[in-house]
Amino acid sequence: MKLKIAVLPGDGIGPEIMKQGVAVLDAIAEKCGHEFTYKEALCGAHAIDAVGDPYPEETHKICMEADAVLFAAVGDLRFDNNPTAKVRPEQGLLAMRKKLGLFANVRPVATFDCLLHKSPLKDELLRGADFVVIRELTGGMYFGEKYQDNDKAYDTDIYTRPEIERILKVAFEFAMKRNKHLTVVDKANVLASSRLWRQISKEMEPQYPEVNVDYMFIDNASMRVLTEPTFFDVIVTENTFGDILTDETSCITGSMGLQPSSSLGEHTPLFEPVHGSWPQAAGKNLANPLAQILSAAMLLEHFGLKAEGALIREAVNASLDANVRTPEIQVEGGEKYGTTEVGAWIVDYIKKNEK
């Protein structure tokens, strides 16, 4: 298979983890007879520094012409510490999602048996947890009308029927492919937008009679994700709730450096780790590249390359079992491995093992 991949390393640790993600894709291409070509583009703080825009038109053009986008992370302390900044790196991420029509963010959450001890939660709660969060990505407060002065500020949490219907359709169809259990997370006891979500979901239920649907307020869901994670199969929720909920799930995996995601919609699909740019670690060879590498696996699986994705996942699991890990998930007294060394070990595994 031939794939054109737009590569957006972004800021902070982004370039370091992206290098490992691309190296893994190259190893797969060589082993399995595929042809992957890459075109790198600016985004985030680097793009602001270069052209004054966190998601330049040239970057958008490259993304639109690609079959897939492999993205790392954006964010810079210069902007985090300046609340009055008019242009911010994260605006580039929001603009990319909106312009590419990426309305459905898919974040799988699963445990690794050898890392259960890294979670602050008890092993017996975690073991066997395996669910997917479908987050609406281009609506809600992040994109609604905004206002701020010295005395007042507001963000408008607005959703339309078509926006809600299309993300619920994605969630119902994911549930049909898994264990036919869907949890709709909202705040319908307080928010009008949530009541519309719940109304439309109930209207759609008869279209998917095999799916068992339950409804849960976000405060309850936030608790149960940590106290009863094995209850869930597919969760669907709006933009803000989904952002918070999927960061919370890092307590299940033991590290945000283990969580990949995909963003799907109207144009080019995008694949990215869920973590941020961790600017404090940039250039120190500390960052865990596994979420970026697993995002590359999701990219391949999206295009039907199931065996290739499975080989990457096998290599990642093997690296964890062999204690080839970056510091935040390494066992006590274990050998020290950095971003580069973990990536190289996985590439070597892929080259040496059968697909």
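Placed above this text is the structure.
The structure displayed is predicted, hence computed values, not measured ones.

Visitor: How would you explain the packing of helix 7 (residues 161-177) against helix 8 (residues 192-204) if you had to name every residue and give the values?
Guide: Think of two packed helices as two axes; the pair is described by the angle between the axes and how far apart they sit. Across the interface, helix 7 lies against helix 8 with an axial gap of 10 Å and an inter-helix angle of 55 degrees. If you check the angle between helix 7 and helix 8, you find them oblique. The way helix 7 lies across helix 8 gives a crossing that is right-handed. Contacts from Arg161, Ile164, Glu165, Ile167, Leu168, Lys169 and Phe172 in helix 7 reach Leu196, Trp197, Gln199, Ile200, Ser201, Glu203 and Met204 in helix 8.

Visitor: Let's hear about the layout of surface pockets: which residues, and what values?
Guide: The computed volume of the largest pocket comes to approximately 680 Å³. Taken together, 29 residues form the lining of the largest pocket, with Met256, Val274, His275, Gly276 and Ser277 sitting closest to its centre. Within the residue set of the lining of the largest pocket, elements represented by two or more residues are helix 5 (89-99), helix 10 (239-248) and strand 12 (270-273). Per-element accounting of the lining of the largest pocket gives the leading share, four residues, to helix 5. The residue makeup of the lining of the largest pocket, split by class, is twelve nonpolar, seven polar and ten charged.

Visitor: Go over the nonpolar core with me, naming the residues and quoting the values.
Guide: Core analysis: the largest hydrophobic core is formed by 46 residues, its most contacted members being Phe36, Leu290, Ile312, Ile346 and Ile350. Sorting the residues of this core by element identifies strand 1 (2-10), helix 1 (14-32), strand 3 (68-73), helix 12 (290-302), helix 13 (306-321) and helix 14 (339-352) as the ones contributing at least two each. Among the elements that take part in this core, helix 1 stands out by supplying nine residues, more than any other. If we ignore the near neighbours within four places in the chain, the residues touching isoleucine 350 are Val24, Ala27, Ile28, Lys31, Leu311, Ile312 and Ala315.

Visitor: Account for empty space enclosed by the protein, with residues named and values stated.
Guide: Enumeration according to the criterion identifies one cavity of 30 Å³ or more in this entry. Considering only enclosed or pocket space, the largest cavity measures out at about 30 Å³ in volume. Around the largest cavity, the lining residues are Cys43, Gly44, Pro54, Tyr55, Phe71, Val74, Gly92, Leu93 and Met96. It is helix 5 that contributes the most residues to the lining of the largest cavity, three residues altogether.

Visitor: Can you lay out the side chain of serine 262 for me, pointing to particular residues and giving the numbers?
Guide: With respect to the helices and strands, the residue serine 262 is situated in strand 11 (residues 260-264). Ignoring anything within four residues of it in the chain, the contact list for serine 262 reads Ala104, Asn105, Val106, Leu270, Phe271 and Met298.

Visitor: Any details on the pattern of salt bridges? Residues and values, ideally.
Guide: Going through the model one piece at a time under the given rule, you end up with 17 salt bridges. The partner of lysine 169 in a salt bridge is glutamate 173, and the shortest N-O contact between them spans 2.7 Å. Of this pair, lysine 169 and glutamate 173 both sit in helix 7, four residues apart, which is roughly one turn of the helix. Among the ionic pairs, lysine 187 bridges to aspartate 219, the shortest N-O distance being 2.9 Å. Residue lysine 187 is found in the loop between strand 8 (181-186) and helix 8, and its partner aspartate 219 is found in helix 9 (residues 218-227); the two are separated by 32 residues along the sequence. Look at lysine 187 and you get buried, because its relative accessible area is 17%.

Definitions and cut-offs
- Residues numbered from 1 in each chain as written.
- Predicted model: local features only at pLDDT ≥ 70, side-chain atom pairs only at ≥ 80, totals over all residues.
- Heavy atoms only, no water.
- Axes fitted to C-alpha atoms, helices over the stretch in contact; angles between N-to-C directions.
- Helix = DSSP H or I, 4+ residues; strand = E, 2+ residues; numbered from the N terminus.
- Parallel < 35°, antiparallel > 145°, perpendicular 65-115°, else oblique.
- Left-handed = near helix turned anticlockwise from the far one by under 90°.
- Contact = heavy atoms within 4.5 Å.
- 1 Å grid on protein atoms, 1.4 Å probe; cavity = no way out; pocket = protein on both sides within 12 Å on 5 of 7 lines; lining within 4 Å.
- Points joined across faces, edges and corners; volume = space filled by probe spheres on them.
- Nonpolar A, V, L, I, M, F, W, Y, C, P; charged D, E, K, R; others polar.
- Core = buried A, V, L, I, M, F, W, Y, C linked by side-chain atoms within 4.5 Å.
- Buried < 20%, exposed > 50% of the residue type's maximum accessible area, 1.4 Å probe, protein only.
- Salt bridge = Lys/Arg side-chain N within 4 Å of Asp/Glu carboxyl O.

Take it as geometry only, folks, not as evidence of what the structure does.
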